[in-house]
Amino acid sequence: MTVQMKESGVDWLGRVPAHWGVVRSRRLFRERNEKANKSDLQLTVSQKYGLLPQAEFMEKEGRRIVVVQKGHDILKRTMPGDFVISMRSFQGGLEISEYEGSVSSAYVPLVPIKWVVPRYFRWVFKSITYIQALQSTSDLVRDGQALRFENFSKIPLPAVPIEEQSAIADFLDRSTARIDALVAKKTRFVELLREKRQALITHAVTKGLDATVPLKDSGVEWLGAVPAHWEIVPPTALFTESKERAREGDRVLSATQKYGVIPLDEFEALEQRQVTKASANLEMRKHVEIGDFVISMRSMDGGLERSHAVGSVRSSYSVLKAGADVDGIFYGALLKSSLYIQALRLTSSFIRDGQDLNFSHVRKVKLPKLPLKEQAEIAEYIDAQSTRIATLIAKTERSIELLREHRTALITAAVTGKIDLRDPA
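Given the structure is predicted, the values throughout are model-derived calculations rather than measurements.

Some remarks on the overall build of the protein
- The helix and strand tally for the protein stands at 14 helices and 24 strands.
- For a compact globule of 425 residues, the expected C-alpha radius of gyration is about 22 Å, and the protein comes in at 29 Å, more than 25% above that figure.
- With the principal axes as the frame, the protein shows a C-alpha extent of 80 × 50 × 45 Å.
- When the 425 residues of the protein are sorted by exposure, 45% land in the buried category.
- Pairs at least 24 residues apart make up 71% of the contacts formed inside the protein by residues separated by at least 6 positions.
- Approximately 22,200 Å² of the protein is accessible, and the part contributed by carbon and sulfur atoms is 52%.
- Charged side chains of the protein number 62 positive and 53 negative; the gap between the two group centres comes to 4 Å.

A word on the packing of aromatic side chains
- Summed over all chains, the structure comprises 17 aromatic pairs.
- Aromatic pair Phe121 and Phe125: ring centres 5.8 Å apart, planes at 45°, arrangement tilted. Each member of the pair, Phe121 together with Phe125, is buried.
- One aromatic cluster is present, formed by Trp12, Phe29, Phe83, Tyr120, Phe121, Phe125, Tyr130, Phe149 and Phe152 through successive ring pairs.
- Here the basic side chain of Arg122 rests over the ring of Trp123, its NZ or CZ set 4.5 Å away from the ring centre.

Examining helix 14 (residues 372-415)
- Over its 44 residues, helix 14 runs 63 Å from end to end, which matches the ideal 64 Å to within 8%, given 1.5 Å per residue.
- Just past helix 14, the residue Gly417 takes up positive phi, approximately 80°.

Some points on the sheet that holds strand 21 (residues 305-306)
- The 4 strands lie next to each other as 16-23-20-21, forming an open sheet whose pairing is antiparallel. What marks the edges here is a single partner per strand, and that holds for strand 16 (239-242) and strand 21.
- Pairing analysis gives 2 bridges linking strand 20 (residues 293-295) to strand 21, with the strands arranged antiparallel. Following the sheet pairing, Val294 is matched in strand 21 by Glu305.

Description of helix 7 (residues 162-207)
- In a regular helix each residue adds 1.5 Å, so 46 residues correspond to 68 Å; helix 7 covers 66 Å between its end C-alpha atoms and thus fits that length.
- Of the residues flanking the end of helix 7, it is Gly208, one or two places downstream, whose phi is positive at about 80°.

Side note on the environment of Met5
- If you trace the backbone, Met5 turns up in strand 1 (residues 5-7).
- When the C-alpha positions of Met5 and Gly417 are compared, they lie 8.7 Å apart, and in sequence the two are 412 residues distant.
- With residues near it in sequence (within four places) discarded, Met5 still touches Arg15, Val16, Pro17, Ala18, Gly417 and Lys418.

Some remarks on unusual backbone geometry
- The residue Trp115 is not glycine, and still its phi comes out positive at about 60°.
- You can see Trp115 is positioned in the loop between strand 11 (108-112) and helix 3 (118-124).
- Even without glycine at this site, Gln272 takes up a positive phi of about 55°.
- If you trace the backbone, Gln272 turns up in the loop between helix 8 (264-271) and strand 19 (286-288).

As for the side chain of His287
- On the secondary structure map, His287 appears in strand 19.
- Given the relative accessible area of 2%, His287 is considered buried.
- A polar side-chain atom of His287 sits 2.7 Å from a polar atom in the side chain of Glu289.
- With sequence-adjacent residues up to four places away left out, His287 is seen in contact with Glu244, Arg245, Ala246, Arg247, Asp250, Val310, Gly311, Ser312 and Val319.

A closer look at the side chain of Asp250
- Relative to the elements of secondary structure, Asp250 occurs in the loop between strand 16 and strand 17 (253-256).
- Despite its burial, Asp250 remains without a salt bridge, the nearest opposite charge being carried by Arg247 at 5.7 Å.
- Among the polar contacts listed, one links the side chain of Asp250 to the backbone nitrogen of Arg247, at a separation of 2.8 Å.
- Side-chain polar atoms of Asp250 contact the side chain of His287, separated by 2.8 Å.
- Apart from the residues lying within four places of it in its own chain, the contact partners of Asp250 are His287, Val310, Gly311 and Ser312.

Thoughts on the sheet that holds strand 4 (residues 29-31)
- The strand order 4-11-8-9 describes an open sheet built from 4 strands, whose pairing is antiparallel. The open sheet is flanked by strand 4 and strand 9 (95-96), the only strands paired with a single partner.

Let's talk about the pattern of salt bridges
- All chains considered together, the criterion is met by 24 salt bridges.
- With a shortest N-O distance of 2.8 Å, Arg119 and Asp170 are connected by a salt bridge. Placement of the pair is Arg119 in helix 3 and Asp170 in helix 7, with a sequence separation of 51 residues.
- Across the salt bridge formed by Asp292 and Lys321, the nearest N and O atoms sit 2.9 Å from each other. Placement of Asp292 in the loop between strand 19 and strand 20 and of Lys321 in strand 23 (residues 318-322) is noted, with a sequence separation of 29 residues between them.
- When its relative accessible area of 4% is taken as the criterion, Asp292 is described as buried.
- On the accessibility criterion, Lys321 (26% relative accessible area) is partly exposed.
- Because the salt bridges share partners, they merge into one network encompassing Arg32, Glu34, Asp40, Arg77, Asp82 and Glu100.

As for the nonpolar core
- The biggest cluster of nonpolar side chains holds 47 residues, and the ones touching the most others in it are Phe29, Tyr120, Phe121, Phe125, Phe152 and Leu157.
- Aside from chain neighbours lying at most four places away, what touches Phe121 is Leu28, Phe29, Phe83, Trp115, Val116, Leu157, Pro158 and Gln165.
- With 34 residues, the next largest nonpolar core counts Phe293, Val365, Leu370 and Ile382 among its residues.

Each value, and the rule that gives it
- Residues numbered from 1 in each chain as written.
- Predicted model: local features only at pLDDT ≥ 70, side-chain atom pairs only at ≥ 80, totals over all residues.
- Heavy atoms only, no water.
- Helix = DSSP H or I, 4+ residues; strand = E, 2+ residues; numbered from the N terminus.
- Rg over C-alpha atoms; globule rule 2.2 N^0.38 Å.
- Buried < 20%, exposed > 50% of the residue type's maximum accessible area, 1.4 Å probe, protein only.
- Contact = heavy atoms within 4.5 Å.
- Areas by Shrake-Rupley, 256 points an atom, 1.4 Å probe, with all protein chains shown as cover.
- Lys, Arg positive; Asp, Glu negative; His and termini not counted.
- Charge placed at Lys NZ, Arg CZ, Asp CG, Glu CD.
- Phe/Tyr/Trp six-rings, centres within 6.5 Å; stacked < 30°, edge-to-face > 60°.
- Lys NZ or Arg CZ within 6 Å of the ring centre and 35° of its normal.
- Expected span 1.5 Å × (residues − 1).
- Pairing = 2+ DSSP bridges.
- Polar contact = N/O pair within 3.5 Å; in protein donor to acceptor, adjacent residues only side chain to side chain.
- Salt bridge = Lys/Arg side-chain N within 4 Å of Asp/Glu carboxyl O.
- Core = buried A, V, L, I, M, F, W, Y, C linked by side-chain atoms within 4.5 Å.

Everything listed is a geometric property; what it means functionally is a separate question.
Listed below in structure tokens is the structure:
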């Protein structure tokens, strides 16, 4: 059976089944304006979790939020089955309540009047076309105003037979649950791939590639046992600190965990955002050559960064030049390994003292020194394995993106009647 369609006359709905109607929002929902009771459970609106008790939200997020004292007149009552409009509705749609409780006065609780199956309208209010329509009712960013019932009431809603509302809700509950489970599985797979890549790199740079080679105790806690032919040396045997000031014409570089040390304008292009640029003491900046290593405050969490360009970095950073016994790719991996970063953290309480991380801290962490040929072999292995894993991660992340796009399209198609669910086939 093919459903007959008609123009709804409403942009966000488009064509709808011929037997559907279009009604003003006020015919289906009214605003609840009841003051909260002292005993009411305080609720928090979240795009991630929906509407849930504040204590539960804080537990899930592992952080505290400002709690409005109960009994204040600024709290509004909400009941199970109510929908709540918040500023977050601008991006994530309206949230449905499963609780009897209270919300901030900045929120607008909506009570279904008639012809409403809440489970269906939960999906309507989460559809991308509805959210876009809601966005069009107000310039929230410029005006700083909250979303109100007046915004909601400007958007006509579909009038759908009760049985169809339930059928659409059942379909979307099942379909999105399957998609969400698959997304979660693929997301976990990506996490495991990243963990595997990190473990592979850490093992290669601290144990080498030959599993049969004799090992010895390095005498360094973070390294443990290393191949017997490796030396353990102070960093000064491999690197020297450069304090050369910026040269005329030097490009401004940015030390990033994600890309290494690259030109600031390239970083902005990659991240599609602007970064605040230093305008004072530019003459104090430090010159950097390709292959140099840069120590920044971020090295505490992400290790030392290797430069891929010529330019200058801020004066608070330390610049290290590699010696003749250093393969840049090998030591680039070593100095970003999780074991090295943990060892680096133990050299300073600079978070407490507010001091910069510099070469004096790096000098405290002894490093392995191995033949250049072996360094190059390990570097080549790491590059090949990292490329293989990165390719698999990219493919998996793309499949996650496509699943989420499919989920979004499925919701919009179903709630606007583009999928005929009246026919059991």
